[in-house]
Amino acid sequence: MAFLDNMVFGTLGRGAVELDMLDADYVPTESEVASAIIVIGTTTNQTATRSLVLPNVPRLVDAYAKFVQNDNGAGFAVLVIDEAGGSSVSIADTKGAWVWVTTTGVRRMTADV
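Residues numbered from 1 in each chain as written. Predicted model: local features only at pLDDT ≥ 70, side-chain atom pairs only at ≥ 80, totals over all residues. Heavy atoms only, no water.

### A look at the side chain of D93
- Counting through the fold element by element, D93 comes out in the loop between β6 (89-91) and β7 (95-102).
- Within the buried set, D93 has no salt-bridge partner at all; the shortest N-O distance to an opposite charge, 10 Å, is to K95.
- Excluding residues within four positions of it along the chain, D93 makes contact with N70, D71, N72, G73, A74, G75, F76 and A77. (Helix = DSSP H or I, 4+ residues; strand = E, 2+ residues; numbered from the N terminus. Buried < 20%, exposed > 50% of the residue type's maximum accessible area, 1.4 Å probe, protein only. Lys, Arg positive; Asp, Glu negative; His and termini not counted. Salt bridge = Lys/Arg side-chain N within 4 Å of Asp/Glu carboxyl O. Contact = heavy atoms within 4.5 Å.)

Okay, structure coming up:
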């Protein structure tokens, strides 16, 4: 239950986490997903579009929101998907967007900013 509290209800107090996707698709840890903002960092440059795989919606809620910022700087997008492989959202390099994760996939809440 603590994971559910951190991931969904405690997100606004958790700040941001920067991820190094190591030029591969990436599944964040529980503590990384618990942050309200996920920043794709510049430690390893991407050589192609990569997927950020977010966990499915917890059973006690319908959906959750995350802000994903793609700061890789290599010119490639990040594809945000849920682990069930439903719909996805592509976020351009140097841009960010709010996404809504549901049991059927990921939906864009805002345009890239």
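### Notes on the confidence of the model for the chain
- Per-residue pLDDT for the chain has a mean of 83; in total, 85% of the residues score no lower than 70.
- Here helix α1 (residues 2-9) stands out as the least confident element of the chain, with mean pLDDT 45; β6 is the most confident, with 97.
- In the predicted structure, residues 1-12 sits below a pLDDT of 50 and forms 26 contacts with residues beyond four places in sequence or in another chain. (pLDDT = per-residue confidence, 0-100.)

### Re unusual backbone geometry
- Despite not being glycine, D23 has its phi angle at roughly 55°, a positive value.
- Here D23 lies in the loop between β1 (16-19) and α2 (30-33).
- Assessed through its relative accessible area of 22%, D23 is described here as partly exposed.

### Focus: the nonpolar core
- Residues L52 and V80 are the most contacted members of the largest nonpolar core, which totals 18 residues.
- Residue assignment for this core shows that the elements contributing at least two residues are β1, β2 (37-40), β3 (50-54), β4 (63-70), β5 (78-82), β6 and β7.
- Beyond its immediate chain neighbours, meaning those up to four positions away, L52 contacts L19, M21, Y26, P28, I38, I40, V68, V78, L79, V80 and I81. (Core = buried A, V, L, I, M, F, W, Y, C linked by side-chain atoms within 4.5 Å.)

### What about the packing of aromatic side chains?
- Throughout the structure, instances matching the rule amount to one aromatic pair.
- Taking 5.5 Å as the distance between ring centres and 70° as the angle between the ring planes, the aromatic pair formed by F67 and W98 counts as edge-to-face. Pair noted here: F67 is in strand β4 and W98 is in strand β7, with a separation of 31 residues, a long-range link. (Phe/Tyr/Trp six-rings, centres within 6.5 Å; stacked < 30°, edge-to-face > 60°.)

### A few points about the sheet that holds β1
- Pairing is mixed across the open sheet formed by five strands, whose spatial order is β1-β2-β4-β7-β8. The open sheet has two edge strands with one neighbour each: β1 and β8 (105-108). The sheet shows a mean angle of 30° between the axes of neighbouring strands, direction not considered. (Pairing = 2+ DSSP bridges. Axes fitted to C-alpha atoms, helices over the stretch in contact; angles between N-to-C directions.)

### Concerning the sheet that holds β6
- Taking strand neighbours across the sheet as the criterion, the three strands line up as β3-β5-β6 in an open arrangement whose pairing is mixed. Among the strands making up the open sheet, the edge pair consists of β3 and β6. If you compare each strand with its neighbour and ignore which way they point, the axes differ by 30° on average.
- Where β3 and β5 come together, five bridges link them in parallel fashion. Looking at β5, one finds that S51 is bridged to L79.

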